[in-house]
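So you can see what is in the structure, the chains are spelled out below.
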Amino acid sequence: MTEEGVDLVVAGAGGGLVAALRAAERGLSVLVVEADEHFRRGNNTAMSTAMVPGAGTRWQAAVGIGDSPGRLVADIVAKTNGEADERLARVLAGVSAELVTWLADGLGLPIELVTDFPYPGHSAYRCHTIPGRSGRALLDHLARRVAGDDAIELLTPARLVEVLPGPAAVVAYPDGRREEIGCRAVLLATGGYGADPELVRRHIPEIANATYHGGEHARGDALRIGGSLGAATAYLDAYQGHAAVTLPAGTLVGWATIMHGAVMVNARGERFGDETCGYSEYAAMLAAQPNSHGWIVLDRRIHDACLPFQDFRDTVESGALSWADDVAGLASAARLDAERLAATLADADAAARGRRTDPFGRTGWEAPLAPPYAVVRVHPCLFHTQGGLVVDGNARVLGPDGDPIPGLYASGGAAMSISGHGAAGYLAGNGLLPALGLAFLAADHVARPLPAVILQKFKSGRI
């Protein structure tokens, strides 16, 4: 920092690091304020599977996949039953290919396209990730780039507690000290409010009793700070749930198991829906089942197909999977009624072989299950909230009248989502695309040249 302050203050060292790196690349000075000194392992970006949708990328073209931003928008609209903010969806879909390309060419991320299975709701293979499909690896890479950039300062542990008109950032330290830092702009990349039980009960009561499996510092800071400046909010009832987390290990089994042909049963050994509808909405469905837990049944083929995911490998290494040579052994391992489980799996087998119509409407059967079988106990979780501050196409935070609040930006869980209402509209990548995409757009907007008179006031400390 200089005596005059910095160009951009980024609150949150998750997807917000993209803004820091992009802004530094554009010649700006950046201060990143992060509450958790162990953020590399503790925030929502680190907990993700590093899936970033990109529509019309060179990776798609290389394998003959035709895609476009318009097609991605159509998928978002369809998944949300028309409830998504189509304006923001078009902005993010439009920048998605440029974002993925910049992550690869500008930041050196080893980007690859996921083509081994389709994610629910995506009509094309467009989820881009990195080897291991690990958010931890993604965030480690971003953090290393930040540490090596002289234009970026990382301040941790520290928390942004207030944004003053002008703007200026007020930062609080664990010892109680506060510091006011002058800046041209502030990006709120603090995540949503999933770690605040009261806010969760108020806005999304259907998932309030599920385990929270997200960053502990996602406490609604953006809502509080933005609210103090008159910011508008939207889609506060939107969230990403997940129905495939093991407890107490807390590892993610992953929905790739389902898409490769696994089934989920409840504590009675019965299926209760079309598992392929989506892992987010299935969390509330699982929470409503007896004892609020279930079991994923898979086989060796599915096990091997899911090994590219670091999260799944972590689950295997934790010992959460139990194997059996037949259904009776599987029922014994899971302490389920053997006859009921056998009937359930027989019905699923018939549907997978096309011998009957699945009563729940499932049509996505890669192959029937075959012994030996594995079973893993799963619990519903809230991963992160999707509603937040209303933003425009440059990630600027808007007031109720639609006018931008000067110098204030938001991204990721701090901003409104493109997932509509509730959990059913969530598409794979609807977390990282707004987190990275809005951060990218915010940095580019802040980097636009200021009018000379405003620039002089900034340098003199008068704004």
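For clarity, every value in this text was computed on a predicted model and none was experimentally measured.

K.L.:
Provide a residue-level description of the environment of His141, including the pertinent values.
P.N.:
Summarising the element assignment, His141 is placed in helix H7 (residues 135-147). Through-space distance from the C-alpha of His141 to that of Glu112 is 15 Å; in sequence the pair is 29 residues apart. Apart from residues no more than four positions distant in its own chain, His141 is found in contact with Leu107, Gly108 and Leu109.

K.L.:
Break down the packing of helix H5 (residues 69-79) against helix H6 (residues 86-105) for me, with residues and values.
P.N.:
For the pair H5 and H6, the least separation of the axes is 8 Å and the interaxial angle reads 140 degrees. Here H5 is positioned oblique relative to H6, judged by the angle of their axes. Crossing of H5 against H6: the hand is right-handed. Between H5 and H6, the contacting residues are Pro69, Leu72, Val73, Ile76 and Val77 on the first element and Glu86, Ala89, Arg90, Ala93, Gly94 and Ser96 on the second. Taken together, the residues that form the contact of H5 with H6 break down as seven nonpolar, two polar and two charged.

K.L.:
Lay out the pairing of strand S12 (residues 239-245) in plain terms, naming residues and giving numbers.
P.N.:
When you tally the buried positions in S12, you get seven out of seven residues, the bulk of the element. Here S12 pairs with strand S16 (residues 373-385) via five bridges, running antiparallel. Residue pairing across strands places Tyr239 opposite Thr385, the latter belonging to S16.

K.L.:
Requested: an account of the nonpolar core, with residues and values cited.
P.N.:
Generally speaking, a soluble globular protein has its nonpolar side chains buried in company with each other. Residues Leu17, Leu103, Val186, Leu187 and Leu188 are the most contacted members of the largest nonpolar core, which totals 98 residues. Those residues in contact with Leu188 that sit more than four places away from it in its chain are Ala11, Leu160, Ala222, Ile225, Leu389, Leu408, Tyr409, Ala410, Ser411 and Ala414. Residues Val265, Leu298, Ile302 and Trp365 belong to the second largest nonpolar core, which totals 49 residues.

K.L.:
Got a sec to walk through the confidence of the model for the chain? Specific residues and values, please.
P.N.:
Of the residues in the chain, 96% reach a pLDDT of 70 or more, and the chain-wide mean stands at 94. Note on residues 457-463: pLDDT is under 50 here. Beyond four places in sequence and across chains, it has 12 contacts.

K.L.:
Tell me about the sheet that holds strand S3 (residues 52-53), and please be specific about residues and values.
P.N.:
One open sheet accounts for three strands, arranged S3-S5-S4; its pairing is antiparallel. Both edges of this open sheet fall to S3 and strand S4 (112-113), since each of them pairs with a single strand only. Alignment of S4 against strand S5 (residues 127-129), held across two bridges, turns out to be antiparallel. Its bridge partner lying in S5, Glu112 is registered against Thr129.

K.L.:
Account for the pairing of strand S14 (residues 294-299), naming residues and giving values.
P.N.:
Of all the six residues making up S14, six are buried; the element is thus mostly covered by neighbouring parts of the structure. With burial as the criterion, each face of S14 is covered, one bearing Gly294, Ile296 and Leu298 and the other bearing Trp295, Val297 and Asp299. As paired elements, strand S13 (residues 263-266) and S14 share four bridges and run antiparallel to each other. Looking at S14, one finds that Val263 is bridged to Val297. Pairing of S14 with S16, which is carried by six bridges, proceeds in the antiparallel orientation. Across the sheet, residue Gly294 finds its bridge partner in S16, namely Val378.

K.L.:
How would you summarise the environment of Ala46 if you had to cite specific residues and measurements?
P.N.:
Along the chain, Ala46 turns up in helix H3 (residues 44-47). The spatial distance from the C-alpha of Ala46 to the C-alpha of Ser134 is 7.5 Å, given a sequence separation of 88 residues. Setting aside its immediate chain neighbours within four residues, Ala46 contacts Phe39, Arg40, Arg41, Gly135, Arg136 and Leu139.

K.L.:
Residue-level account of unusual backbone geometry, with values.
P.N.:
At the junction of Thr156 and Pro157, the peptide bond is cis and its omega measures out at 0 degrees in the coordinates. Positionally, Pro157 belongs in the loop between strand S6 (152-155) and strand S7 (159-164). Backbone torsion omega between Pro371 and Pro372 reads 0 degrees, so that peptide bond is classified as cis. One can find Pro372 in the loop between helix H15 (338-352) and S16.

K.L.:
Could you give an account of the packing of aromatic side chains, with specific residues and numbers?
P.N.:
Tallied over the full model, the rule gives seven aromatic pairs. One aromatic cluster in this structure is built from Trp255, Phe272, Tyr279, Tyr282 and Tyr426. Taking NZ or CZ as reference, Arg58 lies 4.2 Å from the ring centre of Trp59, over its face. The positively charged end of Arg177 is found above the aromatic ring belonging to Tyr173, 4.3 Å away from the centroid.

K.L.:
Outline the pattern of salt bridges, supporting the account with residue identities and numerical values.
P.N.:
Inspection of the entire model under this criterion finds 27 salt bridges. Of the charged contacts in the structure, one is a salt bridge between Asp444 and Arg22, with a shortest N-O distance of 2.7 Å. Note that Asp444 is positioned in helix H16 (residues 432-446) and Arg22 in helix H1 (residues 16-25), a separation of 422 residues in sequence. The pair Asp444 / Arg22 is uniform in exposure class, with both members buried. Between Asp67 and Arg126 there is a salt bridge, with the nearest N and O atoms lying 2.9 Å from each other. With Asp67 in the loop between helix H4 (58-62) and H5 and Arg126 in the loop between S4 and S5, this residue pair connects regions lying 59 residues apart in the sequence. For Arg126, a relative accessible area of 1% puts it in the buried group.

K.L.:
Explain H15 residue by residue, including any values.
P.N.:
Between the first and last C-alpha of H15 there are 21 Å, a value that for 15 residues agrees with the 21 Å anticipated at 1.5 Å per step. As for H15, its buried residues are in contact with S13, S14 and helix H14 (327-334). Between the side-chain oxygen at the start of H15 and the backbone nitrogen of Glu339 there is a gap of 3.3 Å, and the oxygen is on Asp337. Where H15 terminates, the next one or two residues include Gly354, which has phi positive at roughly 75 degrees.

K.L.:
Please provide a residue-by-residue account of the state of the cysteines, values included.
P.N.:
Within this structure, the stated rule accounts for zero disulfides. Cys306 carries a free sulfur, and the closest cysteine sulfur to it, the one in Cys127, is 15 Å from it. Looking at Cys306, the relative accessible area reads 1%, which means it is buried. Note on Cys381: no disulfide assigned, nearest cysteine sulfur contributed by Cys277 at a separation of 17 Å.

About the thresholds
Residues numbered from 1 in each chain as written. Predicted model: local features only at pLDDT ≥ 70, side-chain atom pairs only at ≥ 80, totals over all residues. Heavy atoms only, no water. Helix = DSSP H or I, 4+ residues; strand = E, 2+ residues; numbered from the N terminus. Contact = heavy atoms within 4.5 Å. Axes fitted to C-alpha atoms, helices over the stretch in contact; angles between N-to-C directions. Parallel < 35°, antiparallel > 145°, perpendicular 65-115°, else oblique. Left-handed = near helix turned anticlockwise from the far one by under 90°. Nonpolar A, V, L, I, M, F, W, Y, C, P; charged D, E, K, R; others polar. Buried < 20%, exposed > 50% of the residue type's maximum accessible area, 1.4 Å probe, protein only. Pairing = 2+ DSSP bridges. Core = buried A, V, L, I, M, F, W, Y, C linked by side-chain atoms within 4.5 Å. pLDDT = per-residue confidence, 0-100. Phe/Tyr/Trp six-rings, centres within 6.5 Å; stacked < 30°, edge-to-face > 60°. Lys NZ or Arg CZ within 6 Å of the ring centre and 35° of its normal. Salt bridge = Lys/Arg side-chain N within 4 Å of Asp/Glu carboxyl O. Expected span 1.5 Å × (residues − 1). Polar contact = N/O pair within 3.5 Å; in protein donor to acceptor, adjacent residues only side chain to side chain. Disulfide = S-S within 2.5 Å.

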